[in-house]
Amino acid sequence: MAFLEIDGLRKRFGQVEILKGIDVELEKGGFLVLVGPSGCGKSTLLNTIAGLETITSGEIRVDGRTINDLHPSKRDIAMVFQSYALYPNMTVAGNISFGMEMRGVPAAERQKAIDKVAKVLQIGHLLQRKPSQLSGGQRQRVAMGRALVRDPKLFLFDEPLSNLDAKLRVDMRIEIKRLHATTGTTIVYVTHDQIEAMTLATKIAVMRDGEVQQFGTPAEIYNNPSNLFVADFMGSPAMNLIPATIGTNGNALSVVLQREAREPINLPMANAPAGLSAFQGKPIIFGVRPEALTDPEGAERNASNIATADCHIEVVEPAGSDTFAVTNLGGKGVVARLRADANIQPGSNTPLAFNLTKAVFFDPATETRIR
Amino acid sequence: MSAVTTPARQASGGVSVKTLNRIVIYGLLALFALFYLMPLFVMLVTSFKTMDEIQNGNMLALPKAPTFDPWLKAWGETCVGLTCAGIKGYFWNSIKMVVPAVLISTMLGALNGYVLTKWRFRGATLVFGLMLFACFIPFQSVLLPMATILGSLGRFGVTLQNSVGTSFGLGNPTVNLVFVHVVYGIGFTTLFFRNYYEAFPTELVKAAQVDGASFFQIFRRIMLPNSMPIFVVTVIYQFTNIWNDFLFASAYAGTGDAMPMTVALNNVVNTSTGVVEYNVNMAAAMIAALPTLLVYVLAGRYFVRGLMAGAVKG
């Protein structure tokens, strides 16, 4: 039995259904990230777990106990809010111990707990300050301290890093990951940033319009997207999704990509997914991640199915660690990721290696994966 | 852009036009300020003059021999109606009426604002709309219905007095006025607090809920301590309005011992016996105006304090 179980959760505001039957579960000590574009219902889902929103139907269980109708304070959870939500009239110590004060914990015990958390988060020198005297990163730490001090069964994070600047965000991301590793707590984390999702999660639920599009480990989500939305949403730069048709090349199937003012590229598929044969002569969406489309020297040596084709390079973007080249295939800009020192000129025709082992195919009509 | 256009404008002789504009603007402002302050100035200087000087001198002239006697007389000796014990008793009447009325109406407004924004219920907008409507009902139109209600409350008070032994203040003119001002003030105080709490981060309330705080604990520990600016605004507004009210005061406590300051001042000025003591009248009027000024001076500095700084965001 999983530690956190959500069964058939539905949430309705009047006529509008915000959550349309969510089924998710998480093992003890796991890190579940709810990711999706704004308005997909991920924050609402988190609020229903916290008890800040009621649910219309379904069940939420933590450690075998149904918590659907319990008051937020009785659910044994702690929450870190997007805006930190520190009480401005209290000191850092007051903020951290407010929950204990409400539960009637004696002052001496409260002090002990505060000191312990302050040590873990290295905020001991800030305890007597007011939130207005803290920097963004310090406020973030205090907000986490307020959650940590409760020692709850479940931690809920609602986009905790979205108010920090880029560098601090990376630091705090690592800190959260370290905290999770050392304390072994169970965490549910909401974000719209797919990099946070990939780096932090043990399980990811990609959401759209109140439905879970795919639920799995980060590797599953990244390498095996179940539909076009997940493929497009996860990964940066995003996966190239190229309109193509399925043709034949000898006995094997092949992917035919249209090019501007030149004959189409015909990529032979050595081990095409079984479902693809039904699409012969029909349009499909050909998905290939930028790192699977590279210069022939930089291509993976042991990949079993690599096809090379000449492409017209329109734009070159040196990014330091890599060089990104943009070409045009099937009427869309397609990004290839090359080695940093790749010698490539905009306007030239350069051979690019397609790693077809990593390629995925989608039905343009249903947007589902062709397997 | 501005860096480019400013020198160009100066070069075309714009400086003199700009200066002229300034002169006109400040000249007008000074004129209006003068108009506005003139009556206060006359009141102030007159209250320090002797009657001889008033009768023979210029109204705008400064007092030749400043004297505190008119103030002392206004405070302790002047005649209000038929009793000649000064206005001090009525001053305290007003204080006894204003302080509870201001505090009760402000606290109720804060509670209303808290519920209307953080514990929204079906029809909350309608309720707020109706309360707003209450702000625009003219005082005169509620005079008679309110008199009827106060009469009923008074009779209920007598019944209580006879059966329980205490009327709980029902029927007492001061209590009546507090009641009227609280009822009439709730619309405004709710409006103030609702608009303030509308912008108050709801996540603080949610965090407090997760921390296990109850409805009133959240109100007392989270909302109220962070409401100082609007609290001060509301107190100043309510204090000024209730202290200066004449209509309700004269209608429901126009005679007798509970008469508030404003009615008493009117009776001082309207006394028909003997010479009209302008200096005493002016001093009494100044005394009547002082508390509202004092409240503003004491509380005004909280207006500008940004107490919410640091609550949310980085």
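Residues numbered from 1 in each chain as written. Chains lettered and ligands numbered in written order. Predicted model: local features only at pLDDT ≥ 70, side-chain atom pairs only at ≥ 80, totals over all residues. Heavy atoms only, no water.

Notes on the sheet that holds strand β21 (residues 369-370) of chain A
What counts is decided by this rule: At least two DSSP bridges between two strands are needed for those strands to be called paired. Segments assigned H or I by DSSP are reported as helices when at least four residues long, segments assigned E as strands when at least two residues long, and all are numbered from the N terminus.
Spatial ordering of the open sheet is given by β13-β12-β11-β14-β20-β21 (chain A), a layout of six strands whose pairing is antiparallel. A strand with exactly one partner marks an edge of an open sheet, and here the two such strands are β13 (262-268) and β21 of chain A.

Quick word on the sheet that holds strand β15 (residues 293-294) of chain A
Strand order across the open sheet formed by five strands is β15-β19-β16-β17-β18 (chain A), with antiparallel pairing between neighbours. Each edge of the open sheet is held by one strand with a lone partner, namely β15 and β18 (332-339) of chain A.

Quick look at the domain arrangement of chain B
It is common to report an interface's size as the accessible area lost on association of the parts. Residue and element names in this part refer to chain B. Rule in force here: Residue ranges assigned to the domains are those given by an automatic or database domain assignment. A contact between two residues is defined here by any heavy atoms of the two lying within 4.5 Å. Here's the idea: put two parts together, see how much 1.4 Å probe accessible area each one loses, and the total over both is what we call buried area. Throughout this description, the term salt bridge denotes a Lys or Arg side-chain nitrogen within 4 Å of a carboxyl oxygen of Asp or Glu. Two N or O atoms form a polar contact when they lie within 3.5 Å of each other; inside protein one atom must be a possible hydrogen donor and the other a possible acceptor, and for residues adjacent in sequence the pair counts only when both atoms belong to side chains.
Split into domains, chain B comes out as domain 1 (2-70) and domain 2 (88-304). Each side of the interface is counted separately: domain 1 has 11 residues, and domain 2 has 10 residues. Interface area lost by domain 1 to domain 2 is led by Met43, Met51 and Pro70, which between them contribute 58%. Our count for the contact surface shared by domain 1 and domain 2 stands at zero salt bridges. Taken together, the connections running from domain 1 to domain 2 amount to one residue pair in polar contact (both at pLDDT 80 or more). Those elements that provide at least two residues to the side of domain 1 that touches domain 2 are α2 (14-47) and α3 (51-56).

Some points on the nonpolar core
Applicable threshold: To define a nonpolar core, start from buried Ala, Val, Leu, Ile, Met, Phe, Trp, Tyr and Cys residues and group those joined through side-chain atoms within 4.5 Å. For the exposure calls, accessible area comes from a 1.4 Å probe over protein chains only, and a residue counts as buried if that area is under 20% of its type's maximum, exposed if over 50%, partly exposed in between.
Core analysis: the largest hydrophobic core is formed by 50 residues, its most contacted members being Leu156(A), Val188(A), Tyr197(B) and Ile222(B). If you tally residues by element for this core, the top one is helix α9 (residues 202-210) of chain B, at five residues. In this structure Val188(A) touches Leu4(A), Leu32(A), Leu34(A), Leu46(A), Ile49(A), Leu154(A), Phe155(A), Leu156(A) and Phe157(A), once residues within four positions along its chain are discounted.

Focus: unusual backbone geometry
Residues and elements named next belong to chain A. Cis geometry is found at the peptide bond from Ser236 to Pro237, where omega equals -5°. Within the chain, Ala85 stands out as a residue other than glycine whose phi angle is a positive 50°. Inspection of the secondary structure puts Ala85 in the loop between β6 (77-80) and α2 (92-102). Since its relative accessible area comes to 0%, Ala85 is described here as buried. With phi around 40°, Glu159 is a residue other than glycine that occupies positive phi space. Glu159 gets classed as buried once you look at its relative accessible area, which sits at 8%.

A word on empty space enclosed by the protein
Rule in force here: Throughout, the protein atoms alone are placed on a 1 Å grid, and a set of points is a cavity if a 1.4 Å probe fits but cannot get out or a pocket if it is open with protein on both sides within 12 Å along at least five of seven lines; lining residues have an atom within 4 Å of a point. Grid points are joined across faces, edges and corners, and a volume is the space filled by probe spheres set on the points.
The final tally for this structure, using the stated rule, is three cavities of 30 Å³ or more. The computed volume of the largest cavity comes to approximately 70 Å³. What lines the largest cavity is simply Ala78(A), Met79(A), Phe81(A), Tyr87(A), Ala143(A), Arg146(A), Ala147(A), Arg150(A), Ala207(B), Val210(B) and Asp211(B). Elements represented by at least two residues in the lining of the largest cavity include exactly β6 and α4 (136-148) of chain A together with α9 of chain B.

A closer look at the pairing of strand β7 (residues 154-158) of chain A
All names here are of chain A. We apply this condition: When the strands point away from the viewer and the path from the first strand over the helix to the second turns clockwise, the crossover is right-handed.
In terms of burial, β7 is a largely internal element, five of the five residues being buried. Where burial is concerned, the two faces of β7 agree: the one with Leu154, Leu156 and Asp158 and the one with Phe155 and Phe157 are both buried. As judged from the four bridges shared by β6 and β7, these two strands associate in the parallel manner. Paired with Ala78 across the two strands is Phe155, which belongs to β7. As defined by bridge partners, β7 adjoins strand β8 (residues 186-191) across five bridges and the pair is classed as parallel. Bridge pairing in β8 links Leu154 to Thr186. As for the winding sense of the linkage, the β-α-β connection from β7 through helix α5 (residues 166-183) to β8 is right-handed.

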